[in-house]
Amino acid sequence: MSEVAIAANAVAKSYKTGESNLEVLKHVDLSVNTGEFVSIQGESGCGKTTLLNVLAGIESPDSGYVSWRGSSIAKLGRNALALLRGGFLGIVFQSYYLVPEIDSLQNVLMSRRIAGGRIGSADIEEAKAMLEKVGLGDRCKQMPNTLSGGERQRVAIARALLTNPQVILADEPTGNLDETTGNRVMDLLQQLCGELGTALVLVTHNAEHAVRADRRLTLSQGSIH
Amino acid sequence: MPWYLYIAIRHTFPKGKRWPFFTIMSVTGVVLGTMALVVVLSVFNGFGHAIREVVSETTGDLKVMNGLIFEDYEDKIETLKESPLVHSAAPSAFGVVVLQAGNRPIFPQIQGVDIEEEREIVPLDNYVYSGSLDEMDDDSILISSGIANTLRIRVGDEVDIYTPLMIEHLKKDEILLPRLMRVAGLFETGFAKIDENTIISTLRTMQDLYGLGEGVHAIKVKLNDGVDADSAATELQKSFERPFRVSTWLESNAEYLAIIQFEKRMMFFLLLIIVLVASFSIATSLFTSVVKKTREIGLFASMGATSRQITACFCLQGFSVGLVGTAIGYALSFAILSMRDTITNALFWIIGGKEQTMQFYFFSRLPVHYDTFDLVTIAILTVSVATLAGLVPSIKAGMLKPVEALRSE
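Residues numbered from 1 in each chain as written. Chains lettered and ligands numbered in written order. Predicted model: local features only at pLDDT ≥ 70, side-chain atom pairs only at ≥ 80, totals over all residues. Heavy atoms only, no water.

K.L.:
Could you give me a rundown of the overall build of chain A, with the residues and numbers involved?
P.N.:
Looking only at helices and strands, chain A has seven helices and ten strands in total. For the C-alpha atoms alone, the extent of chain A along its principal axes is close to 50 × 45 × 40 Å. Taking contacts inside chain A between residues at least 6 apart in sequence as the whole, the part at least 24 apart equals 72%. Carbon and sulfur atoms make up 46% of the accessible area of chain A, which amounts to about 9,600 Å² in all. For chain A, the centre of its 22 positive side-chain charges and the centre of its 24 negative side-chain charges are spaced 5 Å apart. (Helix = DSSP H or I, 4+ residues; strand = E, 2+ residues; numbered from the N terminus. Contact = heavy atoms within 4.5 Å. Areas by Shrake-Rupley, 256 points an atom, 1.4 Å probe, with all protein chains shown as cover. Lys, Arg positive; Asp, Glu negative; His and termini not counted. Charge placed at Lys NZ, Arg CZ, Asp CG, Glu CD.)

K.L.:
Break down the domain arrangement of chain B for me, citing the residues and quoting the values.
P.N.:
The parts lose accessible area when they come together, and the size of an interface is often stated as this lost area. You can read the domains of chain B as domain 1 (3-52 + 257-407) and domain 2 (62-226). Look at where the C-alpha atoms of domain 1 of chain B and domain 2 of chain B centre, and you get two points 52 Å apart. (Domains from an automatic or database assignment.)

K.L.:
For the interface of chain B and chain A, give the residues involved together with the corresponding values.
P.N.:
On the side of chain A, 28 residues touch chain B, which itself brings 29 residues to the contact. In this assembly, chain B packs against chain A so that about 2,600 Å² is buried in total across both faces, 59% of it on carbon and sulfur atoms. Here chain B and chain A share one salt bridge between them. Across the pair Glu101(A) and Lys293(B) runs a salt bridge, and its minimum N-O distance is 2.2 Å. Our enumeration of links across chain B and chain A arrives at four residue pairs in polar contact (both at pLDDT 80 or more). Every element with two or more residues in the side of chain B that touches chain A is listed here: helix 1 (3-12), helix 13 (294-302), helix 18 (391-399) and helix 19 (402-407) of chain B. No other element matches helix 13 of chain B, which puts six residues into the side of chain B that touches chain A. Residue classes in the side of chain B that touches chain A are distributed as 15 nonpolar, six polar and eight charged. (Buried area = accessible area lost by both parts, 1.4 Å probe. Salt bridge = Lys/Arg side-chain N within 4 Å of Asp/Glu carboxyl O. Polar contact = N/O pair within 3.5 Å; in protein donor to acceptor, adjacent residues only side chain to side chain. Nonpolar A, V, L, I, M, F, W, Y, C, P; charged D, E, K, R; others polar.)

K.L.:
Before we move on, could you go through the packing of aromatic side chains and cite the residues and values that matter?
P.N.:
Residues and elements named next belong to chain B. In total, this model carries nine aromatic pairs over all chains according to the counting rule given. Taken together, a centroid distance of 6.0 Å and an interplanar angle of 80° make the contact between Trp3 and Tyr4 edge-to-face. A residue is classified by how much of its surface remains accessible, and Trp3, at 1% relative accessible area, is buried. When the ring of Phe240 is compared with that of Phe244, the centres are 6.4 Å apart and the planes differ by 40°; the resulting orientation is tilted. Note on Phe244: relative accessible area 11%, which makes it buried. Aromatic ring contacts, followed pair by pair, group Trp3, Tyr4 and Phe300 into a single cluster. The ring of Phe94 has Lys63 sitting right over it, with the charged end atom 5.8 Å from the ring centre. (Phe/Tyr/Trp six-rings, centres within 6.5 Å; stacked < 30°, edge-to-face > 60°. Buried < 20%, exposed > 50% of the residue type's maximum accessible area, 1.4 Å probe, protein only. Lys NZ or Arg CZ within 6 Å of the ring centre and 35° of its normal.)

K.L.:
Requested: an account of helix 17 (residues 372-389) of chain B, with residues and values cited.
P.N.:
The end-to-end C-alpha distance of helix 17 of chain B, which contains 18 residues, comes to 26 Å, matching closely the 26 Å that a straight helix rising 1.5 Å per residue would cover. In this structure, the buried side of helix 17 of chain B is in contact with helix 2 (21-59), helix 12 (254-292), helix 14 (307-338) and helix 18 of chain B. (Expected span 1.5 Å × (residues − 1).)

K.L.:
Which residues make up unusual backbone geometry, and what values go with them?
P.N.:
In this structure, the amide linkage connecting Arg242(B) to the following residue, Pro243(B), adopts the cis form with an omega of 10°. Inspection of the secondary structure puts Pro243(B) in the loop between helix 10 (229-237) and strand 12 (245-248).

K.L.:
Describe the side chain of Thr23(B), with residues and values.
P.N.:
Residues and elements named next belong to chain B. Along the chain, Thr23 turns up in helix 2. At 3.1 Å, the side chain of Thr23 and the backbone oxygen of Thr12 are in polar contact. If near-sequence neighbours (up to four positions away) are discounted, Thr23 is found in contact with Thr12 and Phe13.

K.L.:
How would you sum up a nonpolar patch on the surface? Please name residues and give values.
P.N.:
All names here are of chain B. Together, Trp19, Phe21, Phe22, Ile24, Met25, Ile328 and Leu332 give the surface a local cluster of nonpolar side chains, amounting to about 630 Å² of exposed area. When contributions to the nonpolar patch are tallied by element, the ones reaching two or more residues are helix 2 and helix 14. In terms of residue count, helix 2 provides more of the nonpolar patch than any other element does, four residues in total. Take Met25: it is sitting in helix 2. For Met25, a relative accessible area of 43% gives the class partly exposed. (Patch = residues over 30% accessible without salt bridge, like charges linked within 9 Å, V, L, I, M, F, W, Y side chains within 5 Å.)

Following this line, the structure appears as structure tokens:
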């Protein structure tokens with residue numbers, strides 16, 4: 001029986017907009033098992049990114065709690081949470097967010113640097129192998145501004161996976177890519193998470209990508225359906 | 001290397017790319033501040049050092065005086081020479097006279113010395129550039145280059161000397177007759193205070209001119225190599241009863257040296273303003289960097305970076321700007337100072353007035369002395385100011401909430 005990798009328990013989150021209170025997440029219960037692929041769809045502004053941020057611990061819920069590997073993260077301080085996050089999960093953003101001043105290889109190594117500290121030759125070899133897996137073995141020394149959007153997203157995926165996280169949170173990873181490139185990136189993400197046994201929580205507008213998931217969920221009216 | 005140091009270096013000095021504009025401006029500010037401090041303070045130290053060397057060489061290391069005239073100087077010299085600290089000692093008398101060449105009078109300082117013993121203390125032979133010390137007798141004098149140039153005196157010329165003693169005779173309605181002296185040599189020590197207005201006679205001549213009898217005003221002492229003047233003065237003072245006092249050349253020229261030290265300190269604080277201005281440029285560029293890199297800050301946080309690490313990342317950018325700026329500043333300062341002759345000659349060629357300036361500042365070339373303490377202080381100060389300048393924007397970066405950073409436009 002698979003254990004729960006990440007879970008949201010009765011999570012609620014609202015934002016103040018002027019005088020009114022916008023309830024984005026009303027009562028979200030979600031649990032994702034190790035190695036499971038879950039997709040979340042929903043209309044724009046329904047709170048998908050907020051849910052991912054809450055799951056990642058970079059945003060606190062108003063009520064309810066998030067647990068990683070069965071332990072609540074609610075009482076962890078900001079720095080303790082950050083340190084834990086580095087080894088537990090990887091995030092893939094729609095806008096890639098590569099560091100423009102360093103090459104592809106060093107961008108991939110950033111997750112290992114932040115999570116683990118010193119980088120040795122074994123880490124470099126591992127990062128090169130990861131770039132090889134995402135089809136960019138020959139682009140190690142290329143700077144981000146010389147890569148296409150699809151290539152940048154593949155570097156971002158390699159970066160997220162290098163620390164062998166238990167969960168990947170992907171926030172519309174193909175949103176900025178054309179259909180063909182988006183499909184390739186999605187194939188890659190799904191394949192690598194499958195190989196590594198990493199749980200994948202995918203937020204997407206793309207129904208074709210959503211149907212690939214083990215479980216297909218929809219976020220609407222602040223709740224998961 | 002920790003990630004925050006790695007990113008700080010890469011943000012500030014990207015590999016294979018031109019340095020960002022803000023980095024160039026910030027580094028330039030630190031370079032200018034460092035250069036101003038290193039160049040000016042090294043020249044001031046050079047002045048101080050050169051003055052100390054010249055003063056010690058031309059006046060001896062110690063002076064024994066009682067403020068009056070004393071006659072038993074030979075016994076005292078013997079006492080001094082018995083000390084293992086002392087290399088040599090020589091009597092000296094000094095005062096002011098009127099020297100007249102043709103119809104032009106001048107009021108030089110006169111030093112009466114025992115030429116042979118004085119040679120053991122001051123390298124007189126090295127200073128004489130025309131004539132010879134061997135030509136010196138009780139009817140001849142040595143004249144400094146300044147007087148020789150002003151009165152156009154050459155070796156072999158004769159000059160009239162009037163002394164305060166003669167004026168005393170004049171008060172008694174006696175006829176005032178000057179002492180006719182032959183110029184045996186012209187000298188230049190390199191210390192303009194002496195070179196401008198000094199004549200040297202034999203001790204006997206000076207005793208006659210000033211009516212000192214067998215008396216002298218002071219005993220000059222040269223110490224053995226490596227002996228500290230202050231501790232030697234304290235030790236030798238034990239051999240002399242008050243009112244005799246053993247003073248170092250530092251004490252004798254204390255006011256002069258204190259002015260140089262004061263000027264150096266004032267310049268240090270004035271030039272520090274340049275470093276402070278540079279620090280504002282660093283703070284501004286780091287604030288801009290924090291704004292530009294807000295999403296990157298969110299990314300680092302999402303990958304597990306703590307707020308302290310993010311603060312360190314930006315603070316280290318200020319530090320690296322300070323470090324690189326200081327290093328370049330030092331390299332350029334040393335380069336400028338090593339080419340100072342060429343630079344000052346070029347400046348004087350443009351603006352003129354080289355001779356007057358050199359006369360005023362006593363030296364024929366710009367002196368430089370690197371003081372390790374000063375160099376270390378400047379380096380620590382500039383790097384610290386640069387780092388502190390980056391502290392406020394760095395704290396702002398560290399306090400950014402990851403989710404707000406990621407959502408920023």
